[in-house]
Amino acid sequence: MTRLFSLWSVVVFFLAASGAEAAAPPLLILDVARFRNEDLSVKGSVVEIYATVPGQALIYKRRGPKLFQAAATLTLEVLKSDGTAVYQETITLKPPVLSDTTISLKNPVSFQKRIALPDGAYTLRGHVRDQYRGGRVTVVDVPLVLEAESKGLIVSDIVVLARPASKSLEQSNFIRGNFSLTRAPGGLYARGADQLFFYAELYNAAPDQALQLRYRIRPADGVKDLLTTAASATGMAGRSTPVVGNVDISKLPAGDYFLTVEVRDAKNKLLSAQKTLLRRNPAEYAPAGAALSR
């Protein structure tokens, strides 16, 4: 079984504050997915970084009569093993304006970046500072290993979605394989999210090759699948083969799970597999898709 990357999709929740004050700093969620570079003449991979700051963690400042808004400064870096930055960017994230800050539900705000990198070992580092809470910084480090292989059928990282992938002819960082993708930050499926949607890509499938897909969901600390479902795909000539799937998770209890996507041939031989983490919490509120950065 060959794989595109040495690590499956990384979802990290790590909080580091630069002080000892009681108030918590903003939480940063980093989701990372790795894909083959569509330009086959370029060695390496394409990394999609999806950074999310939950709105509940931010301070909202009055901007006018019954107008309140938060703001956070986000810096993203990709560092080589010697500490040299191969990518760095700083942006300001602003959640939607609120008329009443006493409400408990505050939308998150997210930023997505797509960068091409040569094979190798890196560290993705995110810094977030609440603009209205001085002296507090959240730092998240994610190990990032790229080992793109060119032989045999392989599955990309899996991107879990808040909404079904929809066909689109537009060009943006939120479009992949001609599908518009609305990510589920941190792989969270909360109240009302009873369908798991996801997207992945198959590489090196022969044109018109018949492939059997099997989706498995099991507890992160378990050995037995709780849900399994089957689908099929056909290899596409000259391009990657998209996998657009969904699974009914309405009966899954709260907890952490692994979603595994298996690819098999007509004789049921396992050709490749990939997995990612998802969280099921029906008691928690999470909007379907965060606001874009400004």
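Rules of the game
- Residues numbered from 1 in each chain as written.
- Predicted model: local features only at pLDDT ≥ 70, side-chain atom pairs only at ≥ 80, totals over all residues.
- Heavy atoms only, no water.
- Pairing = 2+ DSSP bridges.
- Helix = DSSP H or I, 4+ residues; strand = E, 2+ residues; numbered from the N terminus.
- Axes fitted to C-alpha atoms, helices over the stretch in contact; angles between N-to-C directions.
- Buried < 20%, exposed > 50% of the residue type's maximum accessible area, 1.4 Å probe, protein only.
- Core = buried A, V, L, I, M, F, W, Y, C linked by side-chain atoms within 4.5 Å.
- pLDDT = per-residue confidence, 0-100.
- Contact = heavy atoms within 4.5 Å.
- Salt bridge = Lys/Arg side-chain N within 4 Å of Asp/Glu carboxyl O.

Student: Whenever I open this one, the sheet that holds strand β7 (residues 85–93) confuses me. Can you help?
Tutor: Backbone hydrogen bonds are what pair the strands of a sheet, in a parallel or an antiparallel way. The strand order across the open sheet formed by four strands is β7-β6-β9-β10, and the pairing between neighbours is antiparallel. The sheet is open, and its two edges are formed by β7 and β10 (137–146), each paired on a single side. Each strand axis lies, on average, 15 degrees off the axis of its neighbour in the sheet, ignoring direction. Here nine bridges tie strand β6 (residues 72–80) to strand β9 (residues 120–130), and the two strands are oriented antiparallel to one another. Considered in β9, the bridge of T75 is made with H127.

Student: Please clarify how unusual backbone geometry should be interpreted in this entry.
Tutor: A negative phi angle characterises most non-glycine residues, just as the trans form characterises most peptide bonds. Even without a glycine there, the phi angle at K66 is positive, about 55 degrees. Summarising the element assignment, K66 is placed in the loop between β4 (61–64) and β5 (67–69). Positive phi values are uncommon outside glycine, yet N268 reaches one of about 70 degrees. Looking at the secondary structure, you find N268 in the loop between β21 (255–264) and β22 (270–280). Of the residues examined, N268 reaches a relative accessible area of 41% and is grouped as partly exposed.

Student: Before we go on, may I ask you to explain the nonpolar core in this structure?
Tutor: Soluble, globular proteins show a tendency: their nonpolar side chains are buried together. If you look at the biggest cluster of nonpolar residues, it comprises 30 residues, and the most contacted ones within it are L30, I49 and L74. Elements supplying a minimum of two residues to this core: β2 (29–36), β3 (45–53), β6, β7, β8 (109–117), β9 and β10. With 26 residues, the next largest nonpolar core counts V155, Y189, L213 and Y215 among its residues.

Student: What is the right way to read the confidence of the model for the protein from this model?
Tutor: Atomic detail in the predicted coordinates should be set aside for any region of low pLDDT. This prediction gives the protein a mean pLDDT of 86; 87% of its residues lie at or above 70. Note that residues 288–294 has pLDDT below 50 and, in this model, 25 contacts with residues that lie over four places away or in other chains.

Student: How should I be thinking about the sheet that holds strand β13 (residues 166–167) in this particular structure?
Tutor: As summarised here, the arrangement of the three strands in space is β13-β15-β14, forming an open sheet in which the pairing is antiparallel. At either margin of the open sheet sits one strand with a lone partner, and together these are β13 and β14 (175–176). The pairing of β13 with strand β15 (residues 179–180) spans two bridges and is antiparallel. Note that in β15 the partner of K167 across the bridge is F179.

Student: Explain the pattern of salt bridges here, please?
Tutor: Pairing of side chains with opposite charge becomes possible as their charged atoms draw close. In total, this model carries 12 salt bridges according to the counting rule given. As a salt-bridge pair, E201 and R176 come within 2.9 Å of each other at their nearest N and O atoms. Taken together, the residues span a long stretch of sequence, with E201 in strand β17 (residues 195–203) and R176 in strand β14 at a distance of 25 residues. When sorted by exposure, E201 lands in the same class as R176, which is buried. Across the salt bridge formed by D225 and R218, the nearest N and O atoms sit 2.8 Å from each other. Among the charged side chains, a salt-bridge network with shared partners connects E48, R114, R176, R183 and E201.

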